[in-house]
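Topology and contacts: notes
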Amino acid sequence: MKISARNRLKGSIVEVRKGQTTAHVRIDVGGGSVVTASITNEAVDELGLAVGQVCYAIIKASDVMVGLES
C-alpha cells in the first residue's frame, strides 16, 4: 500500500461492529490508545476486515484543534 497521507497510525483491529449502513472499526494503536473509524459496511466487506488484523488508521483532516484544561 502506498499512500501520500502522513497521518497514519499502525495498529490492530480489536472490534468491528456493523450497523444498518455504517460500521465502527476500533483499532488499537498502542500505548493504551484506541482509534475508532466509521466506515460503510460495504467497505468492511470489500476490505475483509476482521478482529486481529494489522491495519492503519489513516487520518485526513484539514484542521487540528488544540485544547488545554483550565
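This text follows the structure it describes.
Predicted model only: the values in this text are computed from it and were never measured.

To continue, consider the sheet that holds strand β3 (residues 33–40). Read across the sheet, four strands follow the order β3-β2-β1-β4 without closing on themselves; strand pairing throughout is antiparallel. Each edge of the open sheet carries a strand with a single partner, namely β3 and β4 (54–58). Ignoring strand direction, the axes of neighbouring strands in this sheet form an average angle of 50°. By the bridge criterion, eight bridges tie strand β2 (residues 22–30) to β3 in an arrangement that is antiparallel. Residue Ala23 lies in a different strand from β3, and its bridge partner there is Ile39.

The pairing of strand β1 (residues 8–18) with β4 spans five bridges and is antiparallel. Residue Ser12 lies in a different strand from β4, and its bridge partner there is Val54. Pairing of β1 with β2, which is carried by six bridges, proceeds in the antiparallel orientation. Bridge pairing in β2 places Ser12 opposite Asp28.

Calculation criteria
- Residues numbered from 1 in each chain as written.
- Predicted model: local features only at pLDDT ≥ 70, side-chain atom pairs only at ≥ 80, totals over all residues.
- Heavy atoms only, no water.
- Pairing = 2+ DSSP bridges.
- Helix = DSSP H or I, 4+ residues; strand = E, 2+ residues; numbered from the N terminus.
- Axes fitted to C-alpha atoms, helices over the stretch in contact; angles between N-to-C directions.

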